[in-house]
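Here is what each chain is made of, one letter per residue.
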Amino acid sequence: MSLVNPVSAEVRAALERVTVVVVTFNSAHCLPDLGRALAACPQVVVVDNGSDDGCASLTPQHLPQAQVLALPQNLGFGAANNRALAQVRTPFALLLNPDCELAPEALAALVAAADADPQAAVLAPQLTNAQGRPDVNYRWPHLHWASRGPAADGPACVGFVCGAAMLCRLSAFEGVGFFDERFFLYYEDDDLCLRLFQAQRPLVVVPSVTAVHRSRGSVRGNSPWRSEYLRGYHHAQSKLIFTAKHQTVTLAQRQRRRLVGTTLLGLPLRLLLISPRLAARMIGRLRGALDWTPPHG
């Protein structure tokens, strides 16, 4: 395949060591930009989570080098990533959201940073929004310390990096594992980063490397209210699962009561303001909190 902007031999050699993993769900609109951004990447795995917008069948048009795993139904973000990671044979895997753009030179720079720090399990770029303003995509584990102070001005060990763009050294995950599939959506990256942090496997942010993240731009569909409902539902569920797993079940139960109470108080205002998307999200949050089952034992 010919490239509009061919990369250097050095960049190409770095890309050969990385498999890019992209999980899609009703993300067909992201494919043209994704195809251009990943044209130089020889190993790409796209896991489609049961999309109904033709995303899986359209992927080869934009990413002809990609292996497409078309799942019959939506298994969740972490589970879909796990399916791809089980097949990766390169030393590194780049987990990349379909609404996130990382130039080949930037990916090569992350690989170079990984070579300079062979203990690092995960390396992440500085995410920016579509206007180029930095996002807050790294911090300390929020269960331990509150993050404060200026942004990193060089490679820095942190306790969490956003799962939208993560370069993973796969050998460093031995004994820790990948994503906990109890988290269908949200908090799966919090959980993974916390487990790596507790196992003393460094997570490093490299602020000189940037990636554009069009947050919440990866999913479109015919039912935007349903999408908002599901966002609220899974956010509530995952928040409670995370608290019960890493803190206590008692605290999670208290958190659920507070979540139900604040949602019931706020929902009438959203309805009065005629904000159907936010109302749908709040209804989903309420349902998710009520459906959560505390673990036993």
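Since this is a predicted model, take the numbers as computed values, not measurements.

## Examining the nonpolar core
Inference 1: Counting 40 residues, the largest nonpolar core has Val-20, Leu-38, Leu-96, Leu-102, Leu-107, Leu-123 and Leu-167 as the members making the most contacts within it.
Inference 2: In this structure Leu-102 touches Ala-37, Leu-94, Leu-96, Leu-107, Leu-110, Pro-125, Val-209, Thr-210 and Ala-211, once residues within four positions along its chain are discounted.
Inference 3: Of all hydrophobic cores here, the second largest spans 32 residues; its members include Leu-69, Ala-84, Phe-173 and Leu-196.

## Some points on unusual backbone geometry
Inference 1: Even without being a glycine, Tyr-187 presents a positive backbone phi close to 70 degrees.
Inference 2: Within the element layout of this structure, Tyr-187 appears in the loop between β10 (165-169) and α6 (188-198).
Inference 3: The buried category is assigned to Tyr-187, whose relative accessible area is 15%.
Inference 4: In the Ramachandran plot, Gln-200 falls in the positive-phi region, its phi being about 60 degrees despite a non-glycine side chain.
Inference 5: By the secondary structure assignment, Gln-200 is in the loop between α6 and β11 (203-213).
Inference 6: Using a relative accessible area of 71% as the deciding quantity, one classes Gln-200 as exposed.

## Comments concerning the pairing of β11
Inference 1: Counting buried positions over the 11 residues of β11 gives 8, a clear majority of the element.
Inference 2: Two elements, strand β5 (residues 100-101) and β11, share 2 bridges in a ladder whose sense is antiparallel. Bridged to Glu-101 within β11 is Val-212.
Inference 3: The sheet contact formed by strand β6 (residues 122-128) and β11 spans 7 bridges and is parallel. Its bridge partner lying in β11, Leu-127 is registered against Ala-211.
Inference 4: In terms of strand pairing, strand β8 (residues 156-158) meets β11 through 3 bridges, oriented antiparallel. Across the sheet, Ala-156 pairs through a bridge with Val-205, a residue of β11.

## Some thoughts on the packing of helix α7 (residues 224-246) against helix α9 (residues 276-291)
Inference 1: Viewed as axis vectors pointing N to C, α7 and α9 meet at an angle of 35 degrees, and their least axial separation amounts to 6 Å. Considering the relative orientation of α7 and α9, their crossing is right-handed. Side by side, α7 and α9 meet where Pro-224, Trp-225, Glu-228, Tyr-229, Gly-232, Tyr-233, Ala-236, Gln-237 and Leu-240 of the first sit next to Pro-276, Arg-277, Ala-280, Arg-281, Ile-283, Gly-284, Arg-285, Arg-287, Gly-288, Ala-289 and Asp-291 of the second.
Inference 2: Partitioning the contact of α7 with α9 into residue classes produces 10 nonpolar, 4 polar and 6 charged.

## Considering the packing of aromatic side chains
Inference 1: This structure, assessed with the given rule, holds 7 aromatic pairs.
Inference 2: Ring plane angle 65 degrees and centroid distance 6.1 Å describe the contact between Phe-77 and Phe-179, whose orientation is recorded as edge-to-face. Here Phe-77, found in helix α4 (residues 77-85), pairs with Phe-179, found in the loop between β10 and α6; they are 102 residues apart in sequence, far enough to count as distant. Like Phe-179, Phe-77 is buried.
Inference 3: For the pair Trp-140 and Trp-145, a centre-to-centre distance of 5.5 Å together with 75 degrees between the ring planes defines the contact as edge-to-face.

## Let's talk about helix α3 (residues 55-62)
Inference 1: For α3, the full list of buried residues reads Cys-55, Ala-56 and Thr-59. Looking down the long axis of α3, one finds its buried residues gathered within 90 degrees of arc, a one-sided arrangement. Opposite the packed face of α3, turned more than 90 degrees from it, sit the exposed residues Ser-57 and Gln-61.

Calculation rules
Residues numbered from 1 in each chain as written. Predicted model: local features only at pLDDT ≥ 70, side-chain atom pairs only at ≥ 80, totals over all residues. Heavy atoms only, no water. Core = buried A, V, L, I, M, F, W, Y, C linked by side-chain atoms within 4.5 Å. Buried < 20%, exposed > 50% of the residue type's maximum accessible area, 1.4 Å probe, protein only. Contact = heavy atoms within 4.5 Å. Helix = DSSP H or I, 4+ residues; strand = E, 2+ residues; numbered from the N terminus. Pairing = 2+ DSSP bridges. Axes fitted to C-alpha atoms, helices over the stretch in contact; angles between N-to-C directions. Left-handed = near helix turned anticlockwise from the far one by under 90°. Nonpolar A, V, L, I, M, F, W, Y, C, P; charged D, E, K, R; others polar. Phe/Tyr/Trp six-rings, centres within 6.5 Å; stacked < 30°, edge-to-face > 60°. Arc of directions from axis to C-beta.

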